[in-house]
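Structural characterization, general
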Amino acid sequence: MATRVVSKNLFNFKPLGELDPGAKALAEQHEQMRTSPEAKDMVKRIEELCLRHDPESNKEYTEILRAAVVPVMVALAENEAFAFGGEQTNTTFIKVPTSHDGEFDVPVEVYTPKCLEGETKRAAYIQAHGGGAMSLSAADVRKSVQCIAATLNVVVFNVDYRLAPETKCPNNIKDFYEVIKYVSKNAESLGIDPAKIVIAGESGGGYICLGAMVLLAENNETNLVKLAMPQIPMVDDYCFSDPLAMTKEEREAHASMRKIWRDLIAADFEEQKSSPHLFPGKASEELLEKFPPTIILESEFDMFITEASRLANRLRRAGRLLEFVVIPGATHMSIYIPGTKNNEDFTETIKTIATEYIHS
């Protein structure tokens, strides 16, 4: 059993009990976008596809979701507030060879703060992008993730892991896991301090990060990672429970999440539904005790708040939770939207984490 971690108890956000004005404005904007005839037809079709479990419906569902999500995230990345990331970092590209699902080189974008060029003991931040583990790419989120590198003074490895449904569990999480191993093994040539490797991911990328944490625990490799930072993560199968007991956000998302887990991510849902490779929240106490030191970041009104809270409680008891941070009044994505109070709170939070837990 690993030594229990000691929290510095740095954060004491108080729940608002209602959406922050910025998050509320974003939610209202989203609802307004859903009122057009085209949007209503798309929502109706998605609802129909969620009730089907066949290759044709899976293909159509994936196409619709990708067509809806990718343009929104690409447009967000064009926000001028993200311009400083590219200005203050240099971007290079590496490929990590793998063989767990055929011979495949995992593409990785590397963002190095210009102020760290030439240094040999830099902190690494290995990132899994969001998108439900079935959409988006490293390039789609490049500008916002470059800002992480510049803001936290870390070298970011933005991993272009393979997506569902083309790649199934556990090969998706193994892509990310292999990059962790590669960075650790090649730390000297990459100019990385092997004692300061951080792994992170948001939403679907949070699941990818958590899944890799399971693999590290199973292989007794927790020592490779100084800190894990899953954010607004997909954790377990809570979406398959009774929607009447869910929060509004969980209830609204549960049908789509069932579709994504069962038909897109899982290779064989019935066979894998008890596996922590598919649902990291089902990791045993013995595995949780081997997890890297962990900080979970959440939003008060996130669609994954219940499952993330349950995992945080289990990790705390297992002695592996450093902090569980819940941004007040925030929704699933509002913590990443520049100009909102939620984003200000989130940015200050990760700055503090960098100072107190990564660089210390």
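Residues numbered from 1 in each chain as written. Predicted model: local features only at pLDDT ≥ 70, side-chain atom pairs only at ≥ 80, totals over all residues. Heavy atoms only, no water.

1. Description of the layout of surface pockets
By volume, the second largest pocket amounts to about 170 Å³. Lining the second largest pocket we find Arg4, Val5, Ser7, Asn9, Phe11, Arg316, Gly319, Leu321, Leu322, Glu323 and Phe324. Looking at the lining of the second largest pocket residue by residue, the classes come out as five nonpolar, three polar and three charged. (1 Å grid on protein atoms, 1.4 Å probe; cavity = no way out; pocket = protein on both sides within 12 Å on 5 of 7 lines; lining within 4 Å. Points joined across faces, edges and corners; volume = space filled by probe spheres on them. Nonpolar A, V, L, I, M, F, W, Y, C, P; charged D, E, K, R; others polar.)

2. Considerations on the packing of helix H6 (residues 171-185) against helix H8 (residues 204-218)
Packing of H6 against H8 brings their axes to within 8 Å, and their N-to-C directions diverge by 70°. Judged by the angle between their axes, H6 and H8 are roughly perpendicular. The chirality of how H6 crosses H8 is right-handed. Side by side, H6 and H8 meet where Asn172, Ile173, Lys174, Phe176, Tyr177 and Ile180 of the first sit next to Tyr207, Ile208, Cys209, Gly211, Ala212, Leu215 and Leu216 of the second. Considered class by class, the residues forming the contact of H6 with H8 number 10 nonpolar, two polar and one charged. (Axes fitted to C-alpha atoms, helices over the stretch in contact; angles between N-to-C directions. Helix = DSSP H or I, 4+ residues; strand = E, 2+ residues; numbered from the N terminus. Parallel < 35°, antiparallel > 145°, perpendicular 65-115°, else oblique. Left-handed = near helix turned anticlockwise from the far one by under 90°. Contact = heavy atoms within 4.5 Å.)

3. What to know about the packing of aromatic side chains
One pass over the structure, following the stated rule, counts five aromatic pairs. Measuring from centroid to centroid gives 5.1 Å for Phe240 and Phe269, while their planes differ by 35°, and the two rings are tilted. Of this pair, Phe240 sits in the loop between strand S6 (227-231) and helix H9 (248-265) while Phe269 is found in helix H10 (residues 269-272), placing the two residues 29 residues apart along the sequence. For Phe240, a relative accessible area of 25% puts it in the partly exposed group. The rings of Tyr207, Phe240, Trp261, Phe269 and Phe279 are connected pair by pair, giving a single aromatic cluster. (Phe/Tyr/Trp six-rings, centres within 6.5 Å; stacked < 30°, edge-to-face > 60°. Buried < 20%, exposed > 50% of the residue type's maximum accessible area, 1.4 Å probe, protein only.)

4. Describing the sheet that holds strand S8 (residues 321-331)
With mixed pairing, eight strands are arranged side by side in an open sheet as S1-S2-S4-S3-S5-S6-S7-S8. In this open sheet, the two edge strands, each paired with only one partner strand, are strand S1 (89-98) and S8. The average undirected angle you get between the axes of adjacent strands in this sheet is 20°. Strand direction decides the pairing type here: strand S5 (residues 192-202) and S6, joined by five bridges, are parallel. (Pairing = 2+ DSSP bridges.)

5. Considering the side chain of Asp175
Position of Asp175 relative to the elements: it lies in helix H6. Ignoring anything within four residues of it in the chain, the contact list for Asp175 reads Thr98, His100, Phe104, Val106, Tyr161 and Arg162.

6. Here's the deal with the pairing of S5
Within S5, nine of the 11 residues are buried, leaving the element largely enclosed by the surrounding structure. Pairing analysis gives six bridges linking strand S3 (residues 122-128) to S5, with the strands arranged parallel. Looking at the pairing, Ala128 lines up with Gly201 of S5. Taken together, S5, H8 and S6 constitute a β-α-β crossover, and its handedness is right-handed. (Right-handed = clockwise from strand over helix to strand, strands pointing away.)

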